[in-house]
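Structural features, examined
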Amino acid sequence: MTLASMYKTDYVQTCDQHCQTNLNSSWFNDKGAWMTNVIIVCLIKFFFGIVPGMSPELAWTMTTLTYNVGSYIMLHAVTGVPFEFTQGAYDGITLWEQIDGGVQFTATRKYLTTVPIVLFLLSTHYTHYAPFAFSINLVVTIINLIAKLPVMHQVRLFDINQKVESN
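Residues numbered from 1 in each chain as written. Predicted model: local features only at pLDDT ≥ 70, side-chain atom pairs only at ≥ 80, totals over all residues. Heavy atoms only, no water.

Going by the annotation in an unreviewed UniProt entry, the name recorded for the protein chain is ORMDL-domain-containing protein, with Linnemannia elongata AG-77 given as the source organism. Quoted verbatim from the Subcellular location (unreviewed entry) heading of the UniProt record, the comment on the protein chain is "Membrane". (UniProt positions renumbered as here; feature names shortened; annotations may be inferred.)

1. Some remarks on the packing of helix H5 (residues 107-126) against helix H6 (residues 131-148)
Running from N to C, H5 and H6 point in directions that differ by 175°, and their axes come no closer than 10 Å. Judged by the angle between their axes, H5 and H6 are roughly antiparallel. Only Phe134, Asn137, Leu138, Thr141, Asn144, Leu145 and Lys148 of H6 make contact with H5, whose side of the interface consists of Leu112, Thr113, Pro116, Ile117, Phe120, Ser123 and Thr124. Grouping the constituent residues of the contact of H5 with H6 by class yields seven nonpolar, six polar and one charged. (Axes fitted to C-alpha atoms, helices over the stretch in contact; angles between N-to-C directions. Helix = DSSP H or I, 4+ residues; strand = E, 2+ residues; numbered from the N terminus. Parallel < 35°, antiparallel > 145°, perpendicular 65-115°, else oblique. Contact = heavy atoms within 4.5 Å. Nonpolar A, V, L, I, M, F, W, Y, C, P; charged D, E, K, R; others polar.)

2. Quick look at H6
For H6, spanning 18 residues, the distance from its first C-alpha to its last is 26 Å, which sits close to the expected 26 Å at 1.5 Å a residue. What H6 keeps buried is the set Ala133, Asn137, Val140, Thr141, Asn144, Leu145, Ala147 and Lys148. Angular distribution of buried residues about the axis of H6 spans 160°; they occupy a single face of the element. Exposed residues pointing more than 90 degrees away from the buried face of H6 are listed as Pro131 and Phe132. In this structure, the buried residues of H6 make contact with helix H3 (56-77), helix H4 (95-98) and H5. (Expected span 1.5 Å × (residues − 1). Buried < 20%, exposed > 50% of the residue type's maximum accessible area, 1.4 Å probe, protein only. Arc of directions from axis to C-beta.)

3. A short note on the packing of helix H2 (residues 33-50) against H3
Two elements in contact, H2 and H3, have axes separated by 9 Å at closest approach and are oriented at 140°. With respect to their mutual orientation, H2 and H3 come out oblique. Here H2 runs over H3; the crossing is right-handed. Mapping the contact onto sequence places Asn37, Val41, Ile44, Lys45, Phe48 and Gly49 in H2 and Ala59, Trp60, Met62, Thr63, Thr66 and Tyr67 in H3. (Left-handed = near helix turned anticlockwise from the far one by under 90°.)

The following block contains the structure:
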C-alpha cells in the first residue's frame, strides 16, 4: 500500500467518523452510565461474596480480576461496531479509541481510568496486602491501564486487532 493510498483511506475514514454520532460509544456520556459501571462492580463483588467457601480476600481479588479482564476485552480487544449503519467507519478501532471521538483526557476517559485504580486500592486493602493477591491485582490493573495510555492510541501489539486491508 502506498503512502498516498494510506493517507486517503485514513482521511476518508476520519471524515466518515465525524459525520454521524457513534452509537457504540456515545452511551458512555449518557446519564447513568457511570453509575451502571459502579453497580456492575458491586454485583461482581456480591456474586463472589456469596460463593460458598470463598474468603472475602479471594472475593476482592476475583472482583478486580473479573472487572479488569472484562473491561479490557470490552474496551481494548474488540474492534469495530456491532451496527451496520456506520459502513465501516469504525472497523479498525477499539471502543476505547471511539470514546469521545478519540480525544484524550475527557471526563469519561478519566473516570474509566480511575475505576480500575480505585478497585485495585480497595482489593489491596481488603486482602490485607497479601503478596500473592497484591501481585495478581497489580498485574491485571497495570495491563488494563497501559492500554488506556494516550501513547497506546491505535497501537497494536503483536499484530492483534490489525486492520485487514482489501486489495
